[in-house]
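# Overview (structure and organization)
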Amino acid sequence: MLRYLVRRVLIMVPTLFVTSALIFTVMSAAPTNYFDNLVEEMQAQGEKVDQARIDFMKHEYGFDKPPVERYFWWVGGLLHGDFGYSFEYQLPVRQVVGDRVWLTILLSFSTIVFTWLVAFPIGIYSATHQYSWGDYGLTTIGLMGLAIPHFLLALIFLYFSNQWFGLSIGGLMDPKYFDAPMSWGKFTSILSHLWIPVVIIGTAGTGSMIRAVRANLLEELHKQYVVTARSKGLSPWRVLFKYPFRMSLNFFISDIGSILPSVISGGELVAIVLSLQTTGPLLIRALQSQDIYLAGSFLMLLSTLTVVGVLVSDVALAFLDPRIRLLGGSTK
Amino acid sequence: MRAILAALVAAVLGLAVLPAPALAGNAIEKVEDSAAPAIPPAVDDGAEGAPASTLPIPTPVETPFFADAVAAGKLPPVAERLPRTPRVVDLPAMGRQTGRPGGTWRMLMSDQRDLRFMTVFSYTRLVVFDEKLRLTADILQSLDNQDDKVFTLHLRPGHRWSDGQPFTAEDFRYWWEDFANDKKLSPSGPPLALIANGKPPRFEVLDPETVRYTWDDPNPGFIPAIASANPTFIFMPAHYLKQFHAKYADKDELAKLVKAAKVSGWVALHERKSRQYRGDNPDLPTLDPWRNTTYAPAEQFRFERNPYFHRVDSAGHQLPYFDGTTLTLGTPTLIPAKTAAGDADIQARYLNFEDYTFLKAGEKVHNYSARLWEDGHGAFAALFPNLNAKDETWRNLNRDVRFRRALSLGINRADINNVLFFGLARVSADTVLPQSPLFKPELAEAYATYDVAKANALLDEVGLTKRDTDGTRLLPDGRRAEITVETSGDNQIYTDIMELVGSDWAKLGIRAYVHPSHLDIFRQRIASGSTVMSMDVGMDNAVPTAEFEPNALAPTQDSQYQWPEFGLYVQSSGSEGRPADMPEVKKLEELWQGWRRADNLAEQRAVWRDMLQLNADQVFAIGVVNGTRQPVVVSNRIKNVPETALWSFQPSSYFGLYMPDTFFYADSKG
């Protein structure tokens, strides 16, 4: 097991290296760069543009150097935990991201928990009551959640939460708490705003998870060992949760790989529509303005989390399911 | 002198000036002939243009916001904070109410870069334009101008920066010697506005409150540049910035600061700390009514009143009335909804005409009024045939004045106005608005009437006589006459306008398609000649007086969509782009140079007239409509905001011309 772990971790290094090179190449391949954008932007806003000043800034940020050199400079910084410099904000990336990470994590964890709390009971019910009215009804609702576009749902929620509950439109808290330190008022304000994006982002995940739980559980329920357990007189609940449910969790564990990055990036589109103070809108804006170190560092973080997540789920699967064995290394 | 004449003219005509700005313009014209006048001490002498007389300085009243700090001895009392001769704003004479201090102005913005709008809205400049576009001293006490060659600037004695340090001639000297003429900080030398006929001025400090700039040749662009919405700053808070300047700072201290800011050197650090227009450094002292107190990044930026601001009302209250403003950042598309939900007190940015009905619906519930101001562009939408297009056939057509005129005559502007703007806009070519003293009806009407027969005749004359089976004309090289008009994707209504223009042009045998793209790609395609025709707003400052530089009417910038390469050539002093090879465009360039050399207003006005005439005649930009409306949402609790006014960057700095420091909450809830 230890050997396996070491090997996997070692493979991660070239994987991430290739990813970073790809990210950098794609971002540098755009016909314009941040400074061209800056000139457009300044002209559009009535600021005078001084070519000498632009050249100075290009020099200042090393944009007069060849791309390969800039790439190694960026990656070198990443290795030291320096995410580079955001042109747009003229601040280190780490500082720009700041508090947003915590709000994003809060939002994403709440969404994941919401999805589980809704999807598991419904999935189990649907599987155990296959083809009943309840099964049809609940899965239909789940599929509708999957089918309705996020942003549309967000707009509808936005309108009614303001009309009915008088909540400020958009955002994760009332604007008056933006710069305030954490307090009871701020906390409750966050909670009263949080449920909207949680429900919106959660509905889609719920739909697909219900389907997955139902399908996996159904497959197990008809297996011989379940029939045997039942015939030996085990209580229906015990039968359900001791074996088939546990087996049906495999898909769920292998999904952890994608959960980790989604904790950081969750629901960008909804975040933009709802004007949330999460990292999503920041990433999109960085991509738009070609703020390459900010965007690049973000994408690298997401890639790293994906790779780590996949490793975690592989290891967890090995523990959970006795049928999964680490044969790869030993047979070759 | 000018003001007296203005008053006389207005009186003789027997007309109230304010409701009809065009008439105010006439008044300006009459006084323009007096060559290079001195700018008198500031007086806000009201709508009638009363004689310039310095108002008595009222006894200052302490602002409640600072009462505690003053009582605790942390801040000097108001009488000591104000300059010895503050600018007294006579609100009743302006037809406004004297207000009461207090309250916060909440505003919605989308981006950290929008902080600069506080500098624009504040419109505190050395010299400012007033509501009638007359120049008035603001930060300066007065300014003497000899033949546009020698400018003597008199500061207000006792004027202080927002941190309480004196504002003196040293701040001008520092900017001139240690910033504008420092090879490292300003690699391209002093800004263009300070260069006359290729030469910079001589700068002298006469005494701590007086500085002088002397040019050998006239420099009429100097005053408009320092009075602009985006001013050429010629001073900087020296006492603050010296700590970042290698010439003054202790070497080790500076190295530490550079390291802490994670920049490459002191030049970058100085650059970052000194941006007065951006308003993003809370430590940078300012002379504006409000100063930023929030460090980036943040979701909400708070500005607080400047305790040393130099304006007072006639009752002795130090301006501004609002204690502060907040700028809350969010998604731009949500701003109309948030405004309608009462989340902003005065809001116009990010509101569009199509939001108006929706904003109107929320008026009663959230106690605001949605007003309509007039857009200040020469055209809300104008078509720009690219004279530098790569496609040879199209380039030749675009360069043929008959082709441009035909396209302009072939647009049914009245229909577009009725369908998309409820008839509230104005059918006009892309030229100055009627509010400008330079306006002539012929300019607006030039080739802006709808005349299909004439347009078709012109196109036949150009040689586009062959047609395809569906009636589409064929180009000389045999292709169908199909134009793709490109727009920047930010403005949805351009697509709608182009739909209508396209169906009009179909009657001429020309097919048009619209293609929106991202702003930077849009501009880049035009600059590289890939775009045959584009659509965007027309003239930026469409309410100019002859004192403004007519650089938009000639090729001067690479961002001009009708001649990007000619513009680039002028902008780069001939090192990039290509020289204008059309006699009419060359003529415009010469005229513009003539304006820069002119030594009196009469000459400058003549240049403006010629340039406007030539542009109207040549139809380099095909204007569709102008005078469209900008929704402005104002809380009913706030007074002194005009019911209707001009919404433009130049000359009015959006709200700036109407002095947001005099807006106030009528009730005490704040």
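Residues numbered from 1 in each chain as written. Chains lettered and ligands numbered in written order. Predicted model: local features only at pLDDT ≥ 70, side-chain atom pairs only at ≥ 80, totals over all residues. Heavy atoms only, no water.

## Things to note about the overall build of chain B
In terms of regular secondary structure, chain B is built from 23 helices and 24 strands. Taken over C-alpha atoms, the radius of gyration comes to 26 Å for chain B, in line with the 26 Å a tight globule of 670 residues would show. Structurally, chain B occupies a C-alpha span of about 85 × 60 × 60 Å along its principal axes. Within chain B, buried positions represent 61% of all 670 residues. By element, 52% of the accessible surface of chain B is carried by carbon and sulfur atoms, the whole surface being about 24800 Å². Counting 72 positive and 85 negative side-chain charges, chain B places the centres of these two groups 2 Å from one another. (Helix = DSSP H or I, 4+ residues; strand = E, 2+ residues; numbered from the N terminus. Rg over C-alpha atoms; globule rule 2.2 N^0.38 Å. Buried < 20%, exposed > 50% of the residue type's maximum accessible area, 1.4 Å probe, protein only. Areas by Shrake-Rupley, 256 points an atom, 1.4 Å probe, with all protein chains shown as cover. Lys, Arg positive; Asp, Glu negative; His and termini not counted. Charge placed at Lys NZ, Arg CZ, Asp CG, Glu CD.)

## What about the sheet that holds strand 14 (residues 368–375) of chain B?
Residue and element names in this part refer to chain B. What the four strands build is an open sheet, ordered 13-21-14-23; its pairing is mixed. Two strands close off the open sheet at either side, each with one partner strand: strand 13 (346–347) and strand 23 (646–647). Inspection of the sheet shows strand 13 paired to strand 21 (residues 629–635) by two bridges, in the antiparallel sense. Bridged to I346 within strand 21 is V634. (Pairing = 2+ DSSP bridges.)

## So, unusual backbone geometry
Residues and elements named next belong to chain B. The amide bond that connects A296 to the next residue, P297, takes the cis arrangement and shows omega of -5 degrees. The residue P297 is located in the loop between strand 9 (290–292) and strand 10 (300–305) in this model. Of note, the amide linkage connecting Q650 to P651 takes the cis form, showing an omega dihedral of 0 degrees. A positive phi angle, close to 55 degrees, is found at S653, a residue other than glycine. Along the chain, the position of S653 falls in the loop between strand 23 and strand 24 (664–665).

## Here we look at the pairing of strand 8 (residues 210–214) of chain B
Residue and element names in this part refer to chain B. Where burial is concerned, most of strand 8 is hidden: four out of the five residues are buried. The pairing of strand 7 (residues 202–207) with strand 8 spans five bridges and is antiparallel. Opposite R202, over in strand 8, you have T214 as the bridge partner. What sits between the antiparallel neighbours strand 7 and strand 8 is a turn of two residues.

## Some points on the confidence of the model for chain A
For chain A, per-residue confidence averages 81 on the pLDDT scale, and residues scoring 70 or more make up 93% of the total. Looking over chain A, one finds the lowest element-wise mean pLDDT in helix 18 (residues 327–331) of chain A, namely 50, and the highest in helix 1 (residues 2–28) of chain A, namely 88. (pLDDT = per-residue confidence, 0-100.)

## Re the sheet that holds strand 9 of chain B
All names here are of chain B. An order of 2-12-10-9 is seen for the four strands of this open sheet, with the pairing classed as mixed. Each edge of the open sheet is held by one strand with a lone partner, namely strand 2 (104–109) and strand 9. When strand polarity is set aside, the average angle formed by the axes of neighbouring strands in this sheet is 25 degrees. Sheet topology note: the strand 2/strand 12 (residues 324–329) ladder contains six bridges and is parallel. In the strand pairing of strand 12, L108 is matched with T328. (Axes fitted to C-alpha atoms, helices over the stretch in contact; angles between N-to-C directions.)

## Describing the interface of chain B and chain A
Facing 50 residues of chain B, the contacting portion of chain A comprises 46 residues. Across the interface of chain B and chain A, roughly 3900 Å² is buried in total on both sides, 45% from carbon and sulfur atoms. Taken together, chain B and chain A are joined by one salt bridge. For the side of chain B that touches chain A, the elements supplying multiple residues, two or more each, are helix 5 (116–122), helix 10 (266–273), helix 11 (335–340) and helix 20 (519–527) of chain B. (Contact = heavy atoms within 4.5 Å. Buried area = accessible area lost by both parts, 1.4 Å probe. Salt bridge = Lys/Arg side-chain N within 4 Å of Asp/Glu carboxyl O.)

## Description of the pairing of strand 12 of chain B
Residue and element names in this part refer to chain B. Among the six residues that make up strand 12, six are buried, leaving the element largely enclosed by the rest of the structure. Here strand 12 shows no split at all, with G324, T326 and T328 on one side and T325, L327 and L329 on the other all buried. Sheet topology places strand 10 next to strand 12; five bridges connect them, and they run antiparallel. Residue pairing for strand 12: Q300 is matched across the bridge by T328.

## Topic: the packing of helix 22 (residues 583–597) of chain B against helix 23 (residues 601–618) of chain B
Residues and elements named next belong to chain B. Packing of helix 22 against helix 23 leaves a shortest axis separation of 9 Å and a crossing angle of 160 degrees. As the angle between them shows, helix 22 and helix 23 are arranged roughly antiparallel. Handedness of the helix 22/helix 23 crossing: left-handed. Only Q604, V607, W608, D610, M611, L614, N615 and Q618 of helix 23 make contact with helix 22, whose side of the interface consists of E584, K587, L588, L591, W592, G594 and W595. (Parallel < 35°, antiparallel > 145°, perpendicular 65-115°, else oblique. Left-handed = near helix turned anticlockwise from the far one by under 90°.)

## With respect to the pattern of salt bridges
Side chains that carry opposite charge are capable of pairing whenever their charged atoms lie near each other. This model, assessed by the stated rule, comprises 42 salt bridges over all chains. Among the salt bridges present, the one from R100 of chain A reaches E299 of chain B, with a minimum N-O distance of 2.9 Å. A residue pair is termed interchain when its members come from two chains, as with R100 of chain A in helix 6 (residues 100–128) and E299 of chain B in the loop between strand 9 and strand 10. K507 of chain B is the salt-bridge partner of D504 of chain B, the closest N and O atoms lying 4.0 Å from each other. A residue is classified by how much of its surface remains accessible, and D504 of chain B, at 7% relative accessible area, is buried. The network of salt bridges with shared partners includes E170, R173, E177, D178, K242 and K247 of chain B.

## A short note on the environment of E88 of chain A
With respect to the secondary-structure elements, E88 of chain A resides in the loop between strand 1 (85–86) and strand 2 (91–92). Residue classification places E88 of chain A among the buried residues on the basis of a relative accessible area of 10%.

## Focus: the environment of L218 of chain A
Residues and elements named next belong to chain A. Residue position: L218 is located in helix 9 (residues 184–221). A relative accessible area of 10% means that L218 is categorised as buried. In the structure, L218 is positioned 91 residues away from A127 in sequence and 5.5 Å away in space, judged by C-alpha atoms. Once you skip the residues sitting within four places of it in the chain, L218 turns out to touch A127 and Q130.

## Considerations on empty space enclosed by the protein
All names here are of chain B. A complete count under the given rule lists 12 cavities of 30 Å³ or more for this structure. Roughly 280 Å³ of internal volume is contained in the largest cavity. Looking at the largest cavity, it is lined by 23 residues, and the ones nearest its centre are Q276, G279, P285, T286 and D288. Elements supplying a minimum of two residues to the lining of the largest cavity: helix 5 and strand 9. For the lining of the largest cavity, the residue count by class is 11 nonpolar, eight polar and four charged. (1 Å grid on protein atoms, 1.4 Å probe; cavity = no way out; pocket = protein on both sides within 12 Å on 5 of 7 lines; lining within 4 Å. Points joined across faces, edges and corners; volume = space filled by probe spheres on them. Nonpolar A, V, L, I, M, F, W, Y, C, P; charged D, E, K, R; others polar.)

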